[in-house]
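# A closer look at the structure
So you can see what is in the structure, the chains are spelled out below.
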Amino acid sequence: WVVRGRESLSGGSVSMSRYWPEPSDVRRSNESAAAAGALASPPKGWPGCFSSNAALKAFMGKKALNGKRVRLTGTPSAEDASKASAVTIEPDDPFGNAERVQAALGWAIVKGFVVYECADQAEGTSFVAHLRWWNARESGVWVDFTPRPADAQQMVLLESAHAEAKTKKEASAATAEAAAARLALGGFLTQAANGKPAPPDAKAPKQQSAPPPPPPRLDFKGSEGVEELVLLLRRGTAEAQGKAAAAIAAAAAAGADEARQVVGAGGVAPLLLLLRAKGDAQEHAARAIMSMADSPEHQASLSAAGAIPAAVGLLRSGSLGVKDVAAGILGNLAIQSEPNQTAIVAAGALPGLVSLLAKGAAPAKEQACFALWNLACQHPPNQLAIAEAGAVRPLVALLSKGTPPVQEEAAGALMNLAAHPDNKRAIAAANAIAALVPMLSQGGGPAEQAAGALMNLASNNALNQASIVKAEALSPLVALLQTAPKSGEPASRRAREYAAGALMNLCLKQKPLQDRVAAAGAVPLLVGMLSEQAEGAQYEEAAGALTNLADTHEENQAAVGKAGAVPPLAALLRKPSASAQEEAAGTLMNLAACDANKDAIVSAGALPPLVALLGSGSAAAREHAAGALANLANGRPEHAEAVGAAKALPPLLALLQQAPEGKDAAALRGCGGAGVAARAASALALASLHAPNAAEVRSEGGVAVLATALGAGVSEAAAALVNVSKGDERSEEHTSELQSLRHLVC
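To start, this report covers the structure provided alongside it. Since this is a predicted model, take the numbers as computed values, not measurements.

### Looking at the packing of helix α34 (residues 619–633) against helix α37 (residues 676–687)
Across the interface, α34 lies against α37 with an axial gap of 8 Å and an inter-helix angle of 25°. The orientation of α34 relative to α37 falls into the category roughly parallel. With respect to the hand of their crossing, α34 and α37 are arranged in left-handed fashion. Of the residues in α37, those touching α34 at A619, R622, E623, A626, G627, L629, A630 and A633 are V676, R679, A680, S682, A683, L686 and A687. Taken together, the residues of the contact of α34 with α37 sort by class into 10 nonpolar, 2 polar and 3 charged.

Quick look at the structure:
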């Protein structure tokens, strides 16, 4: 910033309104406190003296200065000085300086006092405070740009409600006299060489000043606050840096607020520099960074500061104790951050992490698994890269040889790797299934992640499905669904969701498995999961398992309905989760194929949300909703009437108008076919058996829409055309003339 020499205070022809220093800006703790004289800030023994010295505590308290917050604050950093380089700073006007910085940078003004001890009085007896304003960065860190005397580079600043009253005045003889009197009381960088105040209009020649000596290294005292600890990281002795890093690591691990204070105090850069040191300081600094990286709000700033290459470097060259912390840093930075996931792999982290799986101690193995878990989460390129780096076999080995925490992390990593189709075979080939199935009975985290890994391994992979069944996984998966098992602690909600997902994938189009899973007692357990209101609960897996159990299986359809599934499924249709709506509609579609469930579905109020999904749901949700309406209307005239009354016919016609043409139409062609258009045409065919519904379809231009769909290969439109045209001579004549009626032949 630009420090401007003080203007003449003797008046003159130029009017200048500004804040002027005044003797009233100085407050004394007692009558014996000399307003002028040698001053020391911070007071001796700070910060311990604030608690132990009653006089100082009273002076800074409500009855005197009425302090709000107090901090030991140094001079601006080089970065802050650069930001304020265009701001004019007056050496004797902290009030105007703070306002100019606020105008230039937007940094809030903090109003308060500098607290000094009277150094020429008996120690701890007398104190003075000088009115002063400064600024606060967006992070909350205080920055004081007003120049200070050379012996006061660290000062105690006290925010105070008593520091508000300060007004601008025009230059005059009175302001010059008051300013001179205030400057005589010290605290400003406006002293002459003899220690006396410089005359207000003195014109001292500019002299070449020698560079100041480097500041002395600071020692650790044990009572420092966060900002003082960060200062020790920069200016402390080697021993003090290590102790400060340990204290910061403990603070950052205590919670999000503490980690936020460390980041706000500028602690990231010096901690990263300490990663280049050796010994305890390096490890403590790494642990502090790991704790800060655990909070998503700090991930971007840590990555921008260089935390990723620094942590990867520790994986290559750090001690064994530091390597596991480095893996933890990378694991935390990768949590739900696609940019960091990509950057970590690009920085070359995988070889070091995979090496830890085989050679590291138990904590290192656990952290390496954790990092791979997060790197692979919903990131297909990383899922492939991790497998190609050779992680699968050592991860599978840890399922049997590792401690329970390591087993949990290894299974979690394999779960995410198995989400990629190209990894499923390799994971199974490494004998993962045989190792995962026994973990289902362990309980806790290992069982949860084992169920998740089996769920992904079974997804769209018939060979893995057969291997999982052969490994006798069905019984422990069903047992994992229980909320009150006969022995052991109940599984977590997430574990039960993963178990339901595994059963969902295993039962798909597999009638023998549908029989076995239902016979094992899964139906009431899955239905119970639909009604639970646990925080963060997901319902897609339980609903999906019921969908597949009921698919073309009349006994299971009746059992699911009898177990009370319909009301919670109807409620799921109204939840904001698109995937939950999709699965609930699919389950209701299959349940509605059973006549015993139809009345319950209508009575549960499912029709309006099903109709709403026709226009707003995903493609699968629209297909399931149309299928549910078709099944409800099938063979039940009263429900066909209810479908029309629910205003389902116009959106069903709209779905037909969205039917694909050309090569995509093949997916919808054939009698009894699936797909949005096929389901919509079936629903219209069955609903139109009710004459008023047929009349409405005709009035909505449905004959032409159905004819077009039939021509596009939607064979179900033929039955709809016949039913819509009944009783209307013009429509019947038009239908009979349609050349596309050849598609009626299946």
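### Comments concerning empty space enclosed by the protein
Within this structure, the stated rule accounts for 1 cavity of 30 Å³ or more. Its boundaries defined by the atoms lining it, the largest cavity holds a volume of some 40 Å³. Taken together, P94, V114, Y116, H130, L131, R132, R182, G187 and F188 form the lining of the largest cavity. Looking at the lining of the largest cavity, the elements with two or more residues in it are β7 (108–118) and β8 (127–136). Broken down by element, the residue count for the lining of the largest cavity peaks at 3 residues, all from β8. Its residues assigned to classes, the lining of the largest cavity shows 5 nonpolar, 2 polar and 2 charged.

### A few points about helix α28 (residues 540–550)
Of all 11 residues making up α28, 11 are buried, and the element is well covered by its neighbours. Restricting attention to buried positions, one finds in α28 the residues E540, E541, A542, A543, G544, A545, L546, T547, N548, L549 and A550. Immediately beyond the C-terminal end of α28, within one or two residues, lies T552, with a positive phi of roughly 50°.

### Regarding the side chain of K424
Counting through the fold element by element, K424 comes out in helix α20 (residues 421–429). Comment: no salt bridge for buried K424; closest opposite-charge side chain is D422, at 9.6 Å. At a separation of 2.8 Å, a polar atom in the side chain of K424 contacts the main-chain carbonyl oxygen of A418. Setting aside residues no more than four positions away along its own chain, K424 makes contact with A418, A419, N456, L457, S459, N461 and N464.

Calculation notes
- Residues numbered from 1 in each chain as written.
- Predicted model: local features only at pLDDT ≥ 70, side-chain atom pairs only at ≥ 80, totals over all residues.
- Heavy atoms only, no water.
- Axes fitted to C-alpha atoms, helices over the stretch in contact; angles between N-to-C directions.
- Helix = DSSP H or I, 4+ residues; strand = E, 2+ residues; numbered from the N terminus.
- Parallel < 35°, antiparallel > 145°, perpendicular 65-115°, else oblique.
- Left-handed = near helix turned anticlockwise from the far one by under 90°.
- Contact = heavy atoms within 4.5 Å.
- Nonpolar A, V, L, I, M, F, W, Y, C, P; charged D, E, K, R; others polar.
- 1 Å grid on protein atoms, 1.4 Å probe; cavity = no way out; pocket = protein on both sides within 12 Å on 5 of 7 lines; lining within 4 Å.
- Points joined across faces, edges and corners; volume = space filled by probe spheres on them.
- Buried < 20%, exposed > 50% of the residue type's maximum accessible area, 1.4 Å probe, protein only.
- Lys, Arg positive; Asp, Glu negative; His and termini not counted.
- Salt bridge = Lys/Arg side-chain N within 4 Å of Asp/Glu carboxyl O.
- Polar contact = N/O pair within 3.5 Å; in protein donor to acceptor, adjacent residues only side chain to side chain.

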